[in-house]
Amino acid sequence: MLEMMAFLYSVAAYSNKTVSIEPLAKAVIDMPGGPGKDPEGSVAKDLVRKFNANREELLAAHSYDGEEDFDKFYSPIADVFEALERAGIALDRDVIPAGAWRGR
């Protein structure tokens, strides 16, 4: 979940959007593979704490910072997303920058 938070953080930052850690934590909780429920907010608080404590390492390992080749970094992700769309699975297109979607 922390790796996904780092990736989502980097996408928002690269797109010049304001980034807040708390909503990222809540978003990954609701993603497939996440716990899905956090009625007391303890999981989100723990994720925020761990993300902040390890921010530099997480962002270095799991984010696009403009240094890598854009197409090379996003191509595998776009491949998976496009395959999911062909399979009829709806996706949130804001998860990766607009330029990463080939032909769009």
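Everything numeric here is computed off the predicted structure, so don't read it as measured data.

Caption draft 1: Representation of the overall build of the protein within the structure. Along its length, the protein carries five helices and zero strands. Sorting the 104 residues of the protein into buried and exposed places 32% on the buried side. Considering only intrachain contacts with a sequence separation of at least 6, the fraction spanning at least 24 residues in the protein is 50%. Total accessible area on the protein is roughly 6700 Å²; 53% of this is exposed by carbon and sulfur atoms.

Caption draft 2: Region of the structure containing the packing of aromatic side chains. Evaluation of the coordinates by the stated rule reveals one aromatic pair. Ring geometry for Tyr 9 versus Phe 51: centroids 5.8 Å apart, planes at 45°, classification tilted. Of the two residues, Tyr 9 is situated in helix α1 (residues 2-14) and Phe 51 in helix α3 (residues 42-53); the sequence distance between them amounts to 42 residues. In this structure, Tyr 9 and Phe 51 share a single accessibility class: buried.

Caption draft 3: Focus on a nonpolar patch on the surface. Taken together, the side chains of Val 80, Leu 84 and Ile 89 define a hydrophobic patch exposed on the protein surface, amounting to about 230 Å² of accessible area. Residue placement: Val 80 occurs in helix α5 (residues 70-86).

Caption draft 4: Layout of the nonpolar core. Formed by 20 residues in total, the largest nonpolar core has its most connected members in Met 5, Ile 21 and Phe 51. Of all the elements, α1 adds the most residues to this core, at six residues. With near-sequence residues (within four places) excluded, Met 5 lies in contact with Ile 21, Leu 24, Ala 25, Val 28, Leu 47 and Phe 51.

Caption draft 5: Focus on the side chain of Ser 10. For Ser 10, the position within the fold is in helix α1. Separated by 2.8 Å, the side chain of Ser 10 and the backbone oxygen of Phe 7 make a polar contact.

Caption draft 6: Representation of the confidence of the model for the protein in the model. The pLDDT averaged across the protein works out to 81; a share of 86% of its residues lies at or above 70. Here α5 stands out as the least confident element of the protein, with mean pLDDT 79; α3 is the most confident, with 93.

Caption draft 7: Focus on helix α2 (residues 21-30). Those residues of α2 that sit buried are Ile 21, Leu 24, Ala 25, Val 28 and Ile 29. The arc that holds every buried residue of α2, seen down its axis, measures 140°, which confines them to one face. Opposite the buried face of α2, at more than 90 degrees from it, the exposed residues are Lys 26 and Asp 30. Where α2 is buried, its residues meet α1, α3 and α4 (55-62).

Caption draft 8: Geometry of the pattern of salt bridges. Scanning the entire structure with this criterion turns up two salt bridges. Between Arg 49 and Asp 46 there is a salt bridge, with the nearest N and O atoms lying 2.4 Å from each other. One end of the pair, Arg 49, and the other, Asp 46, are both in helix α3, three residues apart, so they sit about a helical turn from each other. Look at Asp 46 and you get partly exposed, because its relative accessible area is 28%. Taking the shortest distance from any N to any O, the salt bridge between Lys 50 and Asp 46 comes out at 3.2 Å. With Lys 50 and Asp 46 both in helix α3 and four residues apart, the pair spans about one turn of that helix. For Lys 50, a relative accessible area of 35% puts it in the partly exposed group. Through salt bridges that share partners, Asp 46, Arg 49 and Lys 50 make up one connected network.

Scoring rules and cut-offs
Residues numbered from 1 in each chain as written. Predicted model: local features only at pLDDT ≥ 70, side-chain atom pairs only at ≥ 80, totals over all residues. Heavy atoms only, no water. Helix = DSSP H or I, 4+ residues; strand = E, 2+ residues; numbered from the N terminus. Buried < 20%, exposed > 50% of the residue type's maximum accessible area, 1.4 Å probe, protein only. Contact = heavy atoms within 4.5 Å. Areas by Shrake-Rupley, 256 points an atom, 1.4 Å probe, with all protein chains shown as cover. Phe/Tyr/Trp six-rings, centres within 6.5 Å; stacked < 30°, edge-to-face > 60°. Patch = residues over 30% accessible without salt bridge, like charges linked within 9 Å, V, L, I, M, F, W, Y side chains within 5 Å. Salt bridge = Lys/Arg side-chain N within 4 Å of Asp/Glu carboxyl O. Core = buried A, V, L, I, M, F, W, Y, C linked by side-chain atoms within 4.5 Å. Polar contact = N/O pair within 3.5 Å; in protein donor to acceptor, adjacent residues only side chain to side chain. pLDDT = per-residue confidence, 0-100. Arc of directions from axis to C-beta.

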